[in-house]
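Observations on the three-dimensional arrangement
Residue-level listing of the chains:
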Amino acid sequence: MNKILSIIFILIILQSCSFKPMLADKKYDFRFTKIIYDGDKQINKSIKENLINNSVGNNNFEIYFVTAKNKEVVSSNAKGDPIKFKLKINLEYKIIKDEEILVNNSVIKETNYNNIDDKLELSQFEENTINNLIDDLSQEILMSVVAIDS
């Protein structure tokens, strides 16, 4: 009987606990009135959407950014088939307010991963990896503006 009550008590306690990242779904008190970009179209579109979706407010900034994606083979087997890849995304950005450059920064996010025989699965994995790196880059930009704005 004591074990049953202990299990029920633990389940009740665990049920009421929740984890939510501090910065998830946070709306910032600024917005980007002008977003100009160059480079990889897919990455630029995703970064722009992230910036627009996470920033609302009266404090206006402009942002100019350039992205580049690079995928390279890190190691190969004896036949020359790739074993490991490195995916790197470069981001250079400038945050401007009232025609004054407040932030001029460059960020590189990269990851290494193993080759997968199934090319569809490899493609989906790379897509997910790129999306994660894009989210990190978007948060980097937002945190730069938060540091200025505070």
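Calculation rules
Residues numbered from 1 in each chain as written. Predicted model: local features only at pLDDT ≥ 70, side-chain atom pairs only at ≥ 80, totals over all residues. Heavy atoms only, no water. Core = buried A, V, L, I, M, F, W, Y, C linked by side-chain atoms within 4.5 Å. Buried < 20%, exposed > 50% of the residue type's maximum accessible area, 1.4 Å probe, protein only. Helix = DSSP H or I, 4+ residues; strand = E, 2+ residues; numbered from the N terminus. Contact = heavy atoms within 4.5 Å. Salt bridge = Lys/Arg side-chain N within 4 Å of Asp/Glu carboxyl O.

**Some words on the nonpolar core**
Grouped together as the largest cluster of nonpolar side chains are 27 residues, with contacts concentrated most on Phe32, Ile47, Ile63, Tyr93 and Ile141. Take this core: its biggest share by element is eight residues, from helix H3 (residues 119–149). Each residue touching isoleucine 63, except ones within four places of it in the same chain, is listed here: Phe32, Lys34, Ile35, Ile36, Leu51, Tyr93, Lys94, Ile95 and Ile141.

**Focus: the pattern of salt bridges**
As enumerated under the stated definition, the model contains three salt bridges in all. Across the salt bridge formed by glutamate 110 and lysine 86, the nearest N and O atoms sit 3.9 Å from each other. A residue pair is termed long-range when its members are at least 10 positions apart, and glutamate 110 in strand S4 (residues 100–114) and lysine 86 in strand S3 (residues 82–97) qualify at 24 residues. With relative accessibility at 41%, the residue glutamate 110 sits in the partly exposed group. Between glutamate 140 and lysine 109 there is a salt bridge, and its shortest N-O distance comes to 3.9 Å. Of this pair, glutamate 140 sits in helix H3 while lysine 109 sits in strand S4, and the two are 31 residues apart along the sequence. You can call glutamate 140 partly exposed: its relative accessible area is 30%.

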